[in-house]
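# Notes for the structure review
So the chains spell out like this:
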Amino acid sequence: MSPTTRSVALVGVPTDIGAGHRGSSMGPEALRVARLAERLERRGMLVVDRGNVAGPLNPWQPPTNGYRHLPEAVAWNTATHEAIYAALNDGHLPIMLGGDHCLAIGSISAVARHCREKGKNLRILWLDAHADFNTSNITPSGNIHGMPVACLCGHGPDELTGIGGTVPAISPDMIRQIGIRSVDEGEKRLVHEVGIDIYDMRYIDEIGIKAAMEEALAGVDEDTHLHVSFDVDFLDPSIAPGVGTTVRGGPNYREAQLVMEMIADTGRVGSLDIVELNPAFDKRNQTAKLAVELVESLFGNSTQMR
């Protein structure tokens, strides 16, 4: 392997434990069927598929004290943390194949731990239709996939906020949320109080996706580890129907490509989540294929001719 070859570790996390719909547990296999490994190898990367993390079955129960499936979510996120941290320590760029977005608690706490140990600055790009900053007090559903950013910032149960050994796992100034267009009322107040940097679709419509991404990427340098948490519902459902929580008015195909290409241009991507892909709602795996195409662009498959 040449010094410039990037080594990528695929880590499947097949659970819908935090979601409100069943089916995202099939996401990892859908991404494999869409030839994610082969497409990355074609980009000159060495790809190691580490298989799937194991965890408890989804009991599909109503909320208890504001949380659905808290013990099971803790088990899955702890296993995810360990798998992503191990991949980073082995010198790989980890790609978590989700699974629902609650799993970002495990993956991002692992990346943050790695960055603390290596003296790297962490920048998180949260590509999503939702802010995911609910707590047990304000959640309308109890679904933990609506809580990962809050938990990572220290607002949540000790069992989740403490994964990784440092509370909070991240500070709000590390995160940039892009594509947001569905935020619960209580969540909106909390996000403003905490000061999360949000590039919602209204702002993107006003200034354009290029200017928004330039702002979101400002300050990324050679000391920055860039983590991309890509929720497939970031995309407009007209091009990506295979998600459980569709929200109209998201980025179109070209806008999404530009987002990924501009991130690639930094050369600083160090880890990636692909979450909330739900084959049960998809059409002939088209959303998985689009996600793989966008990940290719994230790793340098630019359309530009210049």
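So, a few notes on the structure that sits alongside this text. (Residues numbered from 1 in each chain as written. Predicted model: local features only at pLDDT ≥ 70, side-chain atom pairs only at ≥ 80, totals over all residues. Heavy atoms only, no water.)

This part covers the packing of helix H10 (residues 253-266) against helix H11 (residues 286-298). Look at H10 against H11: their axes get within 7 Å of each other, and the N-to-C directions meet at 35°. When H10 is examined against H11, the residues Tyr253, Ala256, Gln257, Met260, Glu261, Ile263 and Ala264 are found in contact with a partner set consisting of Leu290, Glu293, Leu294, Ser297 and Leu298. When grouped by side-chain class, the residues that make up the contact of H10 with H11 number eight nonpolar, two polar and two charged. (Axes fitted to C-alpha atoms, helices over the stretch in contact; angles between N-to-C directions. Helix = DSSP H or I, 4+ residues; strand = E, 2+ residues; numbered from the N terminus. Contact = heavy atoms within 4.5 Å. Nonpolar A, V, L, I, M, F, W, Y, C, P; charged D, E, K, R; others polar.)

This part is about helix H3 (residues 70-89). Here H3 is 20 residues long and its end C-alpha atoms lie 28 Å apart, about the 28 Å a rise of 1.5 Å per residue gives. A positive phi of about 90° marks glycine 91, the residue just after H3. (Expected span 1.5 Å × (residues − 1).)

Reading across the sheet, the eight strands line up as S2-S1-S3-S8-S7-S4-S5-S6 and stay open at both edges, with parallel pairing between neighbours. The open sheet terminates on both sides in strands that have one partner only, identified here as strand S2 (46-52) and strand S6 (197-200). Sheet twist, expressed as the mean angle between neighbouring strand axes with direction ignored, is 15°. Note: strand S4 (residues 121-127) against strand S5 (residues 175-180), four bridges, orientation parallel. Note that in S5 the partner of leucine 127 across the bridge is isoleucine 178. Its contacts with the sheet put helix H4 (residues 104-118) on strand S3 (93-98), S4, strand S7 (224-231) and strand S8 (269-275), and the angle it makes with S7 is roughly 175°. (Pairing = 2+ DSSP bridges.)

Generally speaking, nonpolar side chains in soluble globular proteins are found buried as a group. Ile95, Phe230, Ile263, Ile274 and Phe299 are the most contacted members of the largest nonpolar core, which has 49 residues in total. When residues of this core are assigned to their parent elements, the largest contribution, seven residues, is made by H11. Aside from chain neighbours lying at most four places away, what touches phenylalanine 299 is Arg6, Leu40, Arg43, Met45, Leu93, Ile95, Ala264, Val269 and Leu272. Judged by nonpolar contacts, the second largest core, of 45 residues, contains Cys102, Ala110, Met147 and Ala150. (Core = buried A, V, L, I, M, F, W, Y, C linked by side-chain atoms within 4.5 Å. Buried < 20%, exposed > 50% of the residue type's maximum accessible area, 1.4 Å probe, protein only.)

The subject of this paragraph is helix H7 (residues 185-194). Every buried residue belonging to H7 is among Gly186, Glu187, Leu190 and Val191, and all of these are buried. All buried residues of H7 lie within an arc of 135° about the axis, which places them on one face of the element. In H7, the exposed residues that point more than 90 degrees away from the buried face are Glu185, Arg189, His192 and Glu193. Here the buried face of H7 lies against S6. With its phi angle positive at about 90°, glycine 195 sits one or two positions after the end of H7. (Arc of directions from axis to C-beta.)

Attention now goes to the pairing of S8. Of all seven residues that make up S8, seven are buried, and the element is covered over most of its length. Judged from the three bridges that link them, S3 and S8 form a sheet pairing that is parallel. Counted as the bridge partner of methionine 96 is aspartate 273 from S8. Relative to S8, S7 runs parallel, the two sharing six bridges. Bridge pairing in S8 places phenylalanine 230 opposite isoleucine 274. Read from S7 through H10 to S8, the crossover connection turns out right-handed. (Right-handed = clockwise from strand over helix to strand, strands pointing away.)

As a further point, take the pattern of salt bridges. Throughout the structure, instances matching the rule amount to 13 salt bridges. With its nearest N and O atoms 2.8 Å apart, the salt bridge here joins aspartate 49 to arginine 32. Remark: arginine 32 occurs in helix H1 (residues 27-33) and aspartate 49 occurs in strand S2; sequence separation between them is 17 residues. The salt bridge involving glutamate 261 is made with arginine 254; its shortest N-O contact spans 3.9 Å. Of the residues examined, glutamate 261 reaches a relative accessible area of 7% and is grouped as buried. (Salt bridge = Lys/Arg side-chain N within 4 Å of Asp/Glu carboxyl O.)

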